[in-house]
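Notes for the structure review
Residue strings, one per chain:
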Amino acid sequence: MDKRAKFWDKVANKYSLQAIADLPSYEHKLKTTRAYLSPETTVLEIGCGTGSTAITHAPFVKHYRAIDISANMIAIANCKIGESFKDKLTFEQCSIDELKVSEPVDMVLALSLLHLVENKDETMAKIYQWLKPGGVFISSTLCIADSKKWLKPIASLGYLLGLFPLLRVFTTTELKQSLVTQGFEIEYEWKPDSGMSVFIVARKPL
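So, a few notes on the structure that sits alongside this text. (Residues numbered from 1 in each chain as written. Predicted model: local features only at pLDDT ≥ 70, side-chain atom pairs only at ≥ 80, totals over all residues. Heavy atoms only, no water.)

So, about the pairing of strand S1 (residues 42–46). For a regular strand, side-chain orientation follows a simple rule: the groups alternate between the two sheet faces. Taken across its five residues, S1 has five buried, putting it largely inside the fold. Residues Thr-42, Leu-44 and Ile-46 of S1 are buried on one face, and the alternating residues Val-43 and Glu-45, pointing to the opposite face, are buried as well. Strand direction decides the pairing type here: S1 and strand S2 (residues 63–68), joined by five bridges, are parallel. Counterpart to Ile-46 in the pairing with S2 is Ile-67. In this view, the connection linking S1 to its parallel neighbour S2 by way of helix H3 (residues 52–57) has right-handed handedness. (Buried < 20%, exposed > 50% of the residue type's maximum accessible area, 1.4 Å probe, protein only. Helix = DSSP H or I, 4+ residues; strand = E, 2+ residues; numbered from the N terminus. Pairing = 2+ DSSP bridges. Right-handed = clockwise from strand over helix to strand, strands pointing away.)

What follows is the structure, given as structure tokens:
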């Protein structure tokens with residue numbers, strides 16, 4: 001099993017019980033995302049965790065596909081699906097490398113994910129291919145190097161010891177440059193007063 005999957009399987013139950021640390025910021029992200037949804041929208045969420053965001057958005061779209069590397073996270077997510085929209089929401093245990101997207105989608109979400117992947121540029125390139133022309137990529141990403149670059153060696157050691165998940169350290173500027181390099185056009189950027197995460201809506205040009 002992938003080392004990352006083992007870590008998230010181990011913490012899944014505890015993760016599912018945690019309260020949202022900054023509820024106003026989370027609600028702002030939900031509201032902003034909702035403005036891009038319609039009954040005809042197809043959505044792919046990568047790194048969905050226990051599915052709370054997917055379940056919130058699924059009633060407003062045509063179909064919502066959500067994946068996560070952790071089988072335990074997906075098991076918890078599947079227990080949450082309500083009868084009213086279970087046909088339009090699917091949860092799958094799958095890594096980004098294993099994921100097959102047969103038809104391009106209108107939206108891809110990666111919330112609290114890009115700082116956890118091996119190579120954010122490769123992941124963005126895949127996301128770009130998965131989107132329809134004009135589709136949107138919505139992300140919320142921890143940019144530790146904006147203020148705490150010194151955490152990089154600590155994060156690396158913690159991962160090697162199995163104490164932390166894989167954690168990449170980069171700045172908001174580096175993140176945005178990666179998006180532009182892959183061909184995205186950034187149309188919205190927001191960062192709450194507290195915290196190091198930046199919320200970005202980027203579009204694949206028509």
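Our focus in this paragraph is the nonpolar core. Counting 26 residues, the largest nonpolar core has Ile-46, Val-108, Ile-127, Trp-130, Phe-137, Leu-175 and Phe-184 as the members making the most contacts within it. Elements that contribute at least two residues to this core include exactly S1, strand S4 (105–111), helix H5 (120–130), strand S5 (131–142), helix H7 (172–181) and strand S7 (197–203). Discounting residues that sit within four places of it in the chain, Val-108 has contacts with Leu-44, Ile-127, Trp-130, Leu-131, Val-136, Phe-137 and Ile-138. (Core = buried A, V, L, I, M, F, W, Y, C linked by side-chain atoms within 4.5 Å. Contact = heavy atoms within 4.5 Å.)

According to the stated counting rule, one finds five aromatic pairs in the structure shown. Ring centres 5.6 Å apart and planes at 40 degrees place the aromatic pair Phe-137 and Phe-184 in the tilted group. Of this pair, Phe-137 sits in strand S5 while Phe-184 sits in the loop between H7 and strand S6 (185–190), and the two are 47 residues apart along the sequence. As far as the burial class goes, Phe-137 and Phe-184 line up, both buried. Geometrically, the ring pair formed by Tyr-188 and Phe-199 is edge-to-face, given 6.3 Å between the ring centres and 75 degrees between the ring planes. Note that Tyr-188 is positioned in strand S6 and Phe-199 in strand S7, a separation of eleven residues in sequence. With relative accessibility at 25%, the residue Tyr-188 sits in the partly exposed group. (Phe/Tyr/Trp six-rings, centres within 6.5 Å; stacked < 30°, edge-to-face > 60°.)

As a further point, take the packing of helix H1 (residues 3–17) against helix H4 (residues 71–80). For any two helices packed against each other, one specifies the inter-axial angle together with the distance between the axes. Closest axis-to-axis distance for the H1/H4 pair is 7 Å, and the angle between their directions is 35 degrees. Side by side, H1 and H4 meet where Trp-8, Asp-9, Ala-12, Asn-13, Tyr-15 and Ser-16 of the first sit next to Ala-71, Asn-72, Met-73 and Ile-76 of the second. Counted by class, the contact of H1 with H4 contains six nonpolar, three polar and one charged residues. (Axes fitted to C-alpha atoms, helices over the stretch in contact; angles between N-to-C directions. Nonpolar A, V, L, I, M, F, W, Y, C, P; charged D, E, K, R; others polar.)

Below, the discussion takes up the environment of Glu-92. Within the secondary structure layout, Glu-92 lies in strand S3 (residues 89–93). What makes Glu-92 partly exposed here is its relative accessible area of 25%. C-alpha of Glu-92 to C-alpha of Cys-48: the two residues are 44 residues apart in sequence and 9.5 Å apart in space. Residues contacting Glu-92, with those up to four places away along its chain left out, are Arg-65, Ala-66, Ile-67, Asp-68 and Ile-74. Here the side chain of Glu-92 touches Arg-65 through a polar contact of 2.6 Å, side chain to side chain. (Polar contact = N/O pair within 3.5 Å; in protein donor to acceptor, adjacent residues only side chain to side chain.)

Attention now moves to the sheet that holds S4. With mixed pairing, the seven strands of this open sheet are ordered in space as S3-S2-S1-S4-S5-S7-S6. Bordering the open sheet on either side are S3 and S6, each of which pairs with just one other strand. Here the average twist between neighbouring strands, direction ignored, is 15 degrees. As paired strands, S2 and S3 are joined by five bridges and run parallel to one another.

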